[in-house]
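Report on the structure
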Amino acid sequence: MVLKKLKKITSFILSLLIPRTSKVAVFGERSGNRFAEDARYLYLYLSLNSEINCVWLTKNDKVYELLRSRGLNCEMSHSFKGMYYGFRANWHIFNYSKSDTSEFTSIGANHLNVWTGIQLKKLRTFKNYNKIYNKFAFLYRKIFSKKKLFLYPDKKNFSWISDHYYKDDYKILNLNFPKNILYDEIFRENNRHEYLLDNEISEIDKLKNIKGKVIGYFPTWRDKPGDFFIDLSNYEKLNMINEILEKNNSIILMKYHATTIEKDREILSKFEKFNNFRILRYDFDLNPILKYCDILISDYSGIITDFLITNKPIILYIPDLKDYSIHPGLNLDYDNFEIGHKANTFDELLHLIKLYLSNEKEFSDKFLVERKKYFDIFYEKKDLGLEKIHQIISS
């Protein structure tokens, strides 16, 4: 703790001595461990379409080697070059917190939090803030005209986000997420090698070859054991889903969370024997995959609102709705959240999957109007963002 405070004090002094420049911007994600989400897409867009020296900062050797092998500008965040760019960059751009780039070299810089999606579940309010430090930081930003902006397209419900942070910590930048604006451009044949990684292209090609349907099952992360099929006590029932999938030449596509392997080792071992379940690694970015999912199964995850851009059907599989509404809580009344079909039990989910596979059009059309309505609610600024952001960070 003492060492960390000394590092912060040293970083603050260095931030006063080293001049920052709008010609350099640094980016990061998930405490420096992934290359994903909106920070990734903004980084790639600006690297391709601006004069700004865009540098991805990471703490992960694999991310570093991957980006360098593609000719992209990437540095380890605590290396000499990483710290140089961190202190020189006028803007630190990240998906969650300044730790995504560096909590040290970000001191004294402008911050742009581009987040990851619409926040359906409640976030805990930080209670461990050092009030004296934050008042000092607020005063510093005011004196030196430093900005802390939060990119969020749903201005009316920005309190869902702002209440998570220290009071007045961020000002909203009411624009659309980069991944949404770039949605069509990312998948153009002549662009996909610019925006997509080789393993993503390989996975997309596999999904395109599926004769039946690709069912994306991406539940939210939970802080207790169990993310997948949480009401299922008899795992042999998974055979029933697998048989239906096999009969219809279809698959269920899933993805680990950061702690999934430790929490759900038992159920994950069951999936291994099924040919019609496919599981992606934690570090796999789902955004390029959603376009190739024919239907989404989820619960309280922001991926539900990400999926709205496809205008494809959604199943809300919510057996723990009563408990989850209490802790951590939800920002919407799910009883009136009519965005898709709802399943309160595994058996109901199984029934809905059968209905979908037997009559896709009728199943999809049932909530077509509601999906469009919520898309308009959550994404007020549908096409605005990239050029405005470019202007802000280059000025």
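Scroll up a little and you will see the structure.
The notes below deal with the structure included here. (Residues numbered from 1 in each chain as written. Predicted model: local features only at pLDDT ≥ 70, side-chain atom pairs only at ≥ 80, totals over all residues. Heavy atoms only, no water.)

Applying the stated rule across the entire model yields 30 aromatic pairs. On the basis of an interplanar angle of 50° and a centroid distance of 5.3 Å, the ring pair of Trp-115 and Phe-150 is categorised as tilted. Linking Trp-115 in the loop between β5 (110-113) and α5 (131-143) with Phe-150 in strand β6 (residues 148-151), this pair joins segments that are 35 residues apart in sequence. Judged by its relative accessible area of 4%, Trp-115 falls in the buried class. Pairing Phe-177 with Tyr-379 gives two aromatic rings, centres 6.4 Å apart and planes at 80°, and the pair type is edge-to-face. Note that Phe-177 is positioned in the loop between β7 (171-173) and α7 (178-181) and Tyr-379 in the loop between α19 (368-378) and α20 (386-394), a separation of 202 residues in sequence. (Phe/Tyr/Trp six-rings, centres within 6.5 Å; stacked < 30°, edge-to-face > 60°. Helix = DSSP H or I, 4+ residues; strand = E, 2+ residues; numbered from the N terminus. Buried < 20%, exposed > 50% of the residue type's maximum accessible area, 1.4 Å probe, protein only.)

The interhelical angle for the contact between helix α11 (residues 238-247) and helix α17 (residues 346-358), taken along N-to-C directions, is 5°, at an axis separation of 11 Å. Here α17 runs roughly parallel to α11, going by the angle between their axes. The segment α11 lies against α17, with Leu-238, Met-240, Ile-241 and Ile-244 engaging Phe-346, Leu-350, Ile-353, Lys-354 and Leu-357. In terms of residue class, the contact of α11 with α17 is built from eight nonpolar, no polar and one charged. (Axes fitted to C-alpha atoms, helices over the stretch in contact; angles between N-to-C directions. Parallel < 35°, antiparallel > 145°, perpendicular 65-115°, else oblique. Contact = heavy atoms within 4.5 Å. Nonpolar A, V, L, I, M, F, W, Y, C, P; charged D, E, K, R; others polar.)

What follows deals with the nonpolar core. Grouped together as the largest cluster of nonpolar side chains are 82 residues, with contacts concentrated most on Leu-112 and Tyr-334. The element that contributes the greatest number of residues to this core is helix α2 (residues 37-49), accounting for seven residues. Excluding its chain neighbours within four sequence positions, the residues that come into contact with Tyr-334 are Leu-120, Asp-299, Tyr-300, Ile-304, Leu-316, Ile-318, Leu-321 and Lys-342. In this structure, Ile-244, Phe-277, Tyr-317 and Tyr-356 belong to the second largest nonpolar core, which totals 28 residues. (Core = buried A, V, L, I, M, F, W, Y, C linked by side-chain atoms within 4.5 Å.)

This next bit is on a nonpolar patch on the surface. Among the surface-exposed residues, Val-2, Leu-3, Leu-6, Ile-9, Ile-13, Leu-14, Leu-16 and Leu-17 lie close enough to one another that they form a single nonpolar patch of about 780 Å² accessible area. Here Leu-6 lies in helix α1 (residues 2-17). Taking relative accessible area as the criterion, Leu-6 reaches 48% and is therefore assigned partly exposed. (Patch = residues over 30% accessible without salt bridge, like charges linked within 9 Å, V, L, I, M, F, W, Y side chains within 5 Å. Areas by Shrake-Rupley, 256 points an atom, 1.4 Å probe, with all protein chains shown as cover. Salt bridge = Lys/Arg side-chain N within 4 Å of Asp/Glu carboxyl O.)

This part covers empty space enclosed by the protein. Tallied over the entire structure, the rule returns two cavities of 30 Å³ or more. For the largest cavity, the calculated volume is near 120 Å³. Mapped onto the lining of the largest cavity, the elements with two or more residues apiece are α7, α8 (183-186) and α14 (287-290). Here the lining of the largest cavity gets three residues from one element, more than from any other, and that element is α14. Looking at the second largest cavity, its volume works out to about 40 Å³. Considered class by class, the residues forming the lining of the second largest cavity number five nonpolar, no polar and three charged. (1 Å grid on protein atoms, 1.4 Å probe; cavity = no way out; pocket = protein on both sides within 12 Å on 5 of 7 lines; lining within 4 Å. Points joined across faces, edges and corners; volume = space filled by probe spheres on them.)

Turning to the pairing of strand β12 (residues 314-317), a few remarks are in order. Both faces of β12 are covered, namely the face carrying Ile-314 and Leu-316 and the face carrying Ile-315 and Tyr-317. As defined by bridge partners, strand β11 (residues 295-298) adjoins β12 across three bridges and the pair is classed as parallel. Bridge pairing in β12 places Ile-297 opposite Ile-315. Pairing analysis gives three bridges linking β12 to strand β13 (residues 341-343), with the strands arranged parallel. When the sheet's bridge partners are listed, Tyr-317 is paired in β13 with Ala-343. Taken together, β12, helix α16 (residues 321-329) and β13 constitute a β-α-β crossover, and its handedness is right-handed. (Pairing = 2+ DSSP bridges. Right-handed = clockwise from strand over helix to strand, strands pointing away.)

Before going further, it helps to spend a moment on the sheet that holds β13. Read from one edge to the other, the open sheet built from six strands follows the order β10-β9-β8-β11-β12-β13, with strand pairing classed as parallel. Both outer strands of the open sheet, β10 (277-280) and β13, are each paired with one neighbouring strand and no more. Within the sheet, the average angular offset between the axes of one strand and its neighbour, ignoring direction, is 25°. Pairing analysis gives three bridges linking strand β8 (residues 214-217) to strand β9 (residues 251-255), with the strands arranged parallel. Bridge pairing links Val-214 to Ile-251 in β9. Sheet contacts for helix α10 (residues 198-208): β8, β9 and β10; angle to β10, the most-contacted strand, approximately 165°. Here α17 sits on the sheet in contact with β8, β11, β12 and β13, set at roughly 145° to β13.

For the structure on display, the rule yields 21 salt bridges. The salt bridge partner of Asp-198 is Arg-70, with a shortest N-O separation of 3.9 Å. Taken together, the residues span a long stretch of sequence, with Asp-198 in helix α10 and Arg-70 in the loop between α3 (61-69) and β3 (74-76) at a distance of 128 residues. Residues Asp-299 and Arg-222 are paired through a salt bridge, measuring 3.0 Å at the closest nitrogen-oxygen approach. Of this pair, Asp-299 sits in the loop between β11 and α15 (303-307) while Arg-222 sits in the loop between β8 and α11, and the two are 77 residues apart along the sequence. With respect to burial, Asp-299 and Arg-222 carry one shared label: buried. Each of Glu-37, Asp-38, Lys-179 and Asp-306 takes part in a single network of salt bridges with overlapping partners.

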